[in-house]
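Listed below, chain by chain, are the residues.
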Amino acid sequence: MDKLTLFKQIEKKQSFLCIGLDTDLHRIPQHLLEYEDPIFEFNKQIIDATQDLAVAYKPNTAFYEALGARGWQSLARTLDYIPKEIFTIADAKRGDIGNTSSLYAQAFFDRMNFDSVTVAPYMGVDSVSPFLSFEGKWVILLALTSNEGSQDFQLIQSQHGKPFYQHVLEKSQEWGNTDNLMYVVGATRGELIAEVRKIVPDHFFLVPGVGAQGGSLEEVAKYGMNSHCGLLVNSSRGIIYASIGEDFANAAREEAAKLQVEMRELLQRFCK
Ligand SMILES: O=C(O)c1cc(=O)[nH]c(=O)n1[C@@H]1O[C@H](COP(=O)(O)O)[C@@H](O)[C@H]1O
């Protein structure tokens, strides 16, 4: 997908909401277990109920991989079901030596036709550049993650006096087709989002951590929004498990709608 299509979706829907399809067989409503593919059925109903509010869907592949071949099939069916104008993210957090990364990229971009994949930068240029060589596909590089363990490496000051995540942002700008590069920046790191934005003013951020992890949407927009919005804010559990009863899809819609209303207002305030 090209940038323009993404911009248009954001403008049309007045939303920068990404819904995380972290679909767990143990958490979905029990009545769905009667279906031949309960995971797909759950996702299908969530997508039907929220597609006018969301600009992206992000299945976290762990939830599908954990089920083996059956899970991969549910993932493929889900991807096929997502309307084509909506941005799709394979949250797989890959990255390996070059020839292996090439095959990961083929798996998610050619075989499965995702628009983007999350990639870990730890192994450096040759582990990331194979993903960047796919025309029209996006790499979403982990920069400053939302979890507590992000302090272990990402916030360590290097001998140049900069935290490690800043090196990731700067160095990755030299890694080829950076036009199609986004960065993961956790919503739980409100005060640091402004620092990230200074280093990469034009890139999109995928921002997980609102909802179940407690990040503030307003802070994210205040510090992270640019003139093209530049944000995809993800919520997974806070939306998809809003209810575990038969009304789950409606409840998910209500949660997504609350976020969209807030996003519309934030776009008017900060997208300049
Ligand atoms: O890459 C991600 O999406 C990601 C990065 C990060 O820093 N923190 C983070 O929570 N995520 C993912 O975003 C989703 C967050 O889910 P909820 O906390 O349920 O909204 C999960 O799929 C995480 O794996």
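In this text, all values refer to a predicted model and were calculated from it rather than measured experimentally.

Enquirer: Sorry if this is basic, but what is going on with the overall build of the protein chain here?
Expert: Along the backbone of the protein chain there are 12 helices and eight strands. For the protein chain, whose C-alpha radius of gyration is 18 Å, the value lies close to the compact-globule estimate of 19 Å for 272 residues. The 272 residues of the protein chain split such that 47% are buried. A separation threshold of at least 6 residues defines the contact pool for the protein chain, and within that pool the share at least 24 residues apart is 71%.

Enquirer: Would you take a moment to explain the packing of helix H5 (residues 98-111) against helix H6 (residues 125-132) for this structure?
Expert: Packing of H5 against H6 leaves a shortest axis separation of 8 Å and a crossing angle of 30°. In terms of their interaxial angle, H5 and H6 are classed as roughly parallel. Seen from above, H5 lies across H6 with right-handed handedness. Of the residues in H6, those touching H5 at Gly98, Ser101, Ser102 and Ala105 are Asp126, Ser127, Pro130 and Phe131.

Enquirer: What am I meant to see in helix H9 (residues 190-199) here?
Expert: Every α-helix winds through 3.6 residues per turn, so residues three or four apart in the chain are directed the same way. Listed as buried for H9 are Leu192, Ile193 and Val196. Down the axis of H9, the buried set is contained in an arc of 115°. They therefore lie on one face. Exposed and oriented more than 90 degrees from the buried face of H9 are Glu191, Ala194 and Lys198. On its buried side, H9 packs onto strand E5 (138-144), helix H8 (164-172), strand E6 (181-185) and helix H10 (217-224).

Enquirer: I keep staring at unusual backbone geometry and nothing clicks. Help me out?
Expert: Across residues other than glycine, the phi torsion is negative in most instances, and most of the peptide bonds are trans. Positive phi values are uncommon outside glycine, yet Asn113 reaches one of about 60°. Its place among the elements puts Asn113 in the loop between H5 and strand E4 (116-119). Even without being glycine, Cys229 reaches a positive phi, approximately 80°. Tracing the backbone through its elements, the reader meets Cys229 in the loop between H10 and strand E8 (231-235).

Enquirer: Which parts of the structure should I look at to understand the nonpolar core?
Expert: Considering soluble globular proteins, one finds that nonpolar side chains tend to be buried as a cluster. By size, the foremost hydrophobic cluster in this structure holds 79 residues, and its most contacted members are Leu17, Cys18, Val55, Leu141, Ala143, Leu231 and Val233. Setting aside residues up to four positions removed in sequence, Leu141 forms contacts with Val119, Pro121, Val128, Val168, Ser172, Leu181, Tyr183 and Val184.

Enquirer: Please explain the UniProt feature "domain: Orotidine 5'-phosphate decarboxylase" (unreviewed entry) in the protein chain as it appears in this structure.
Expert: Using the residue numbers shown here, the UniProt feature "domain: Orotidine 5'-phosphate decarboxylase" (unreviewed entry) corresponds to residues 16-252. Between the first and last C-alpha atoms of residues 16-252 the distance is 16 Å; the span itself is 39% helix and 17% strand.

Enquirer: Any chance you could explain the site of the ligand here in plain terms?
Expert: Around the ligand lies a shell of 20 residues, among which Asn60, Thr145, Pro208, Ser236 and Arg237 are the nearest. If you list the elements that add at least two residues to the shell around the ligand, you get E8 and helix H11 (237-240). In terms of residue class, the shell around the ligand is made up of three nonpolar, 14 polar and three charged.

Enquirer: Which parts of the structure should I look at to understand the sheet that holds strand E2 (residues 56-58)?
Expert: Sheets are built from strands that pair by backbone hydrogen bonding, the pairs being arranged parallel or antiparallel. Strand order around the closed barrel formed by eight strands is E1-E2-E3-E4-E5-E6-E7-E8, with parallel pairing between neighbours. Adjacent strand axes in the sheet meet at a mean angle of 30° when their direction is disregarded. Pairing of strand E1 (residues 17-20) with E8, which is carried by three bridges, proceeds in the parallel orientation. When the bridges of E8 are listed, Ile19 appears paired with Ser235.

Enquirer: Sorry, what's going on with the environment of Val139 here?
Expert: Tracing the backbone through its elements, the reader meets Val139 in strand E5. A tally of 28 C-beta atoms within 10 Å means that Val139 is categorised as buried. Separated by 10 residues in the primary sequence, Val139 and Ser129 have C-alpha atoms spaced 9.2 Å apart. With residues near it in sequence (within four places) discarded, Val139 still touches Ser116, Val117, Val119, Val128, Phe131, Leu132, Asn180 and Leu181.

Enquirer: Quick question: what am I supposed to make of H5 here?
Expert: The terminal C-alpha atoms of H5, which comprises 14 residues, lie 18 Å apart, in line with the 20 Å expected from a rise of 1.5 Å per residue. Of all the positions in H5, only Ser101, Ala105, Phe108 and Phe109 are classed as buried.

Enquirer: I would appreciate a short explanation of the UniProt feature "active site" (unreviewed entry) in the protein chain in the present structure.
Expert: Within the UniProt annotation, "active site" (unreviewed entry) is assigned to Lys93. Mapping Lys93 onto the fold places it in strand E3 (residues 87-94). According to the C-beta neighbour criterion, Lys93 is partly exposed, with 16 such atoms within 10 Å. If we skip the residues at most four places from it in the chain, Lys93 touches Thr118, Ala120 and Leu142.

Here is what the cut-offs are and how they apply
Residues numbered from 1 in each chain as written. Predicted model: local features only at pLDDT ≥ 70, side-chain atom pairs only at ≥ 80, totals over all residues. Helix = DSSP H or I, 4+ residues; strand = E, 2+ residues; numbered from the N terminus. Rg over C-alpha atoms; globule rule 2.2 N^0.38 Å. Buried ≥ 20, exposed ≤ 12 C-beta atoms within 10 Å, placed from the backbone. Contact = placed C-beta atoms within 7 Å. Axes fitted to C-alpha atoms, helices over the stretch in contact; angles between N-to-C directions. Parallel < 35°, antiparallel > 145°, perpendicular 65-115°, else oblique. Left-handed = near helix turned anticlockwise from the far one by under 90°. Arc of directions from axis to C-beta. Core = buried A, V, L, I, M, F, W, Y, C linked by C-beta atoms within 7 Å. UniProt positions renumbered as here; feature names shortened; annotations may be inferred. Near = placed C-beta within 6 Å. Nonpolar A, V, L, I, M, F, W, Y, C, P; charged D, E, K, R; others polar. Pairing = 2+ DSSP bridges. Expected span 1.5 Å × (residues − 1).

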